[in-house]
Amino acid sequence: MVFMYRLIRAKTFRLLTSPLPVPYISRQICSGLLSIRKMNSGKDSVSEDSIPGRGGAGIKLRPSPDCIDRRECRGAVETSSDSLGVRHGSFGKRRSRIDLRSEQRSGDGNSSKFGNKNIPAHVKRSKSGQSYRKPDEGANHVAPFDICLSGSRDSAVLKSLQEMEENQENVEHPIEESGGQGVLRPGMVLLKRYISLGDQIEMVKTCREIGLGPGGFYRPGYKNGAKLRLQMMCLGLNWDPETRKYEGRSPADGCRPPCIPREFNQLVETAIQDAHGLLGKDCTLSNVEDVLKDCTLSNVEDMLPAMSPDICIVNFYTTTGRLGLHQDRDESSESLDKGLPVVSFSVGDSAEFLYGDQRDVNKADKVVLESGDVLIFGGKSRHLFHGVTSVIPNSAPKALIEETRLRPGRLNLTFRQY
Ligand SMILES: O=C(O)CCC(=O)C(=O)O
Ligand SMILES: [Fe+2]
């Protein structure tokens, strides 16, 4: 107790005496002192997609695996407590490993699948001999985007909660309307409400904490100057929409991307295993004929290979955000050829997600992704066109908003293996 009190007092003192938020200062320091080493300008090798989205052709380069362990930045991120003094990024608290099926049966949305392990040290430092950029040569020096609202009397939070209550009264059967859990296509599995409310809360807090620090959230743009309609942060490796490549550092502040929290990766791996369980045990969940044919394969890993993510792209869509139909194809050709899946976590407001074989919204299928859903597409579906057409306002779980003050909108994390 005494320790907690001292910690909160020290943090409050630092907040009061600091003229700028410390994470912001830290971004400036990072961009000024560390600077970017562009791995490849990509000017002559990248084809441009006409519809805003991800993916594009381009020479596949092995990027630097550098990332910043967030404990390295503790001084920078520890002050990101909210006005209630809640410290973010507190993985490991009140954890219990709950079996997915028993959790779904019991409907206990608060239990956590993250486990109780400490985050092991896996600090990967930048290699010596990097070329450094002068402070004026690169980064935009814009304060990182905060995915949460701050201030206990913030009228936007109150308004959002009120609207949410009204909206949820009008929605009769949100789960049924959005389509059920199961195999959507060969290699494409949707795990409905897979992430417990407790883990969603931790995920938002962790993303907020990391997102306010070096390599945090910014609004990316394409080479032609158009901006994506979302805020983005990359973990593990940085994906640059301008070059459509994985590069060493964030174009926003020149910092190496933060590492992917170990607990996120564990959840990805467990989700893939559970998807294998679905594919193997109950192929009849789907009415897609191809899936039934695929069920004769003895090894479900042929349908949906396992992977260990080293990239996580975190998107935050406000209620007007969206992402055009695109393919995720900037990972290594080895990864793409093997069909290593993209694993997507949705948290916050629901979104309409389109997917299909062509970049044509009229030919695409639609599914509503809700808070806690995990969508996996690999194997034969790895090159699926997909995108987000709209975010459904006030559809997030009320408790999530109350606990985190997540802005109206949707947080999405997509994990991949380079
Ligand atoms: O937000 C989503 O559900 C999809 C995100 C996505 O496709 C991407 O980040 O490449
Ligand atoms: Fe994508």
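Quick note: structure is the one above.
All residue numbers here refer to positions counted from 1 along the written sequence of the relevant chain. As a convention, the first chain written is A and the first ligand written is 1, with the rest following in written order. Only residues with pLDDT of at least 70 get local features here, since the model is predicted, and only at 80 or more are side-chain atom pairs given and counted; chain-wide, interface and lining totals rely on the full set of residues. For side-chain calculations, the full set of non-hydrogen atoms in the structure is used, while hydrogens and water are omitted.

## Considerations on the side chain of E247
Under the scheme used here, helices are H or I runs from DSSP no shorter than 4 residues and strands are E runs no shorter than 2 residues, and both carry numbers assigned from the N terminus. Note that E247 resides in strand β5 (residues 245-247). Under the rule applied, a polar contact is a pair of N or O atoms within 3.5 Å (in protein, one hydrogen donor and one hydrogen acceptor; residues adjacent in sequence only if both atoms are side-chain atoms). Within the structure, E247 has its side chain in polar contact with the side chain of T243 (distance 2.8 Å).

## Focus on the nonpolar core
Residue types Ala, Val, Leu, Ile, Met, Phe, Trp, Tyr and Cys, when buried and joined through side-chain atoms within 4.5 Å, form a set referred to as a nonpolar core. Remark: exposure states derive from per-residue accessible area (1.4 Å probe, protein chains only) relative to the maximum for the residue type, with buried under 20%, exposed over 50%, and partly exposed in between. Core analysis: the largest hydrophobic core is formed by 46 residues, its most contacted members being I147, F345, L411, L413 and F415. Only heavy atoms matter for contacts: two residues are in contact if any of them lie within 4.5 Å across the pair. For I147, the contacting residues outside a window of four places in its chain are V204, C207, R208, F217, F316, R405, L406, R407 and L411. With 29 residues, the next largest nonpolar core counts Y222, C234, I313 and L369 among its residues.

## Some words on a positive patch on the surface
Exposure above 30% relative accessible area and no salt bridge define the residues that can form patches, which grow by joining like charges within 9 Å and nonpolar side chains of Val, Leu, Ile, Met, Phe, Trp and Tyr within 5 Å. Calculation of accessible area relied on Shrake-Rupley with a 1.4 Å probe; when residues are assessed, cover is drawn exclusively from the protein chains displayed. By convention in these notes, a salt bridge is any Lys or Arg side-chain nitrogen within 4 Å of a carboxyl oxygen on Asp or Glu. As used throughout, the charge tally considers Lys and Arg to be positive and Asp and Glu to be negative, leaving His and the chain termini uncounted. By convention, the point assigned to a charge is CZ for Arg, NZ for Lys, CD for Glu and CG for Asp. Together, R219, K227, R229 and R322 make up a region of like positive charge exposed at the surface. In this structure, R229 sits in the loop between α7 (197-211) and β3 (231-235). On the basis of relative accessibility, which here comes to 38%, the residue R229 falls in the partly exposed class.

## Describing the sheet that holds strand β7 (residues 323-326)
Taken together, four strands build an open sheet; the order of strands is β7-β12-β9-β10 and the sheet is antiparallel. Of all the strands in the sheet, just β7 and β10 (365-369) have a single pairing partner and so form its edges. Strand-to-strand twist across the sheet, computed as the mean angle between neighbouring axes with direction ignored, equals 25°. Strand pairing is defined by DSSP finding a minimum of two bridges between the two strands. Strand direction decides the pairing type here: β7 and strand β12 (residues 385-391), joined by two bridges, are antiparallel. Within β12, the residue paired with L323 across the bridge is V388. A fitted line through C-alpha atoms represents every axis, and for helices the fit uses only the stretch in contact; the resulting angles, taken between N-to-C directions, go from 0 to 180 degrees.

## Observations concerning the coordination of the iron ion (ligand 2)
Under perfect tetrahedral coordination by four donors, a metal shows angles of 109.5 degrees; under perfect octahedral coordination by six donors, it shows angles of 90 or 180 degrees. The coordination sphere of the iron ion (ligand 2) contains the protein donors H326 (NE2), D328 (OD), D328 (OD) and H386 (NE2), at a distance range of 2.1 to 2.7 Å. The rule for donors is simple: an N, O or S atom within 2.8 Å of the metal counts, and for Na, K and Ca the reach is 3.2 Å. Water is not among the atoms, so a site may look short of donors. Under the classification used here, a metal with four donors is tetrahedral if each angle lies between 85 and 135 degrees, square planar if opposite donors are over 155 degrees apart and the others between 65 and 115, a six-donor metal meeting that same test is octahedral, and anything else is irregular. Here the iron ion (ligand 2) is ringed by six donor atoms whose angles at the metal span 52 to 173°, and the overall shape comes out irregular. Sequence positions of the donors to the iron ion (ligand 2) reduce to the motif H-x1-D-x57-H. Separated by 60 residues along the polypeptide, H326 in strand β7 and H386 in strand β12 bring together distant segments of the chain. Under the relative-accessibility criterion, H326 is labelled buried at 1%. With relative accessibility at 6%, the residue H386 sits in the buried group.

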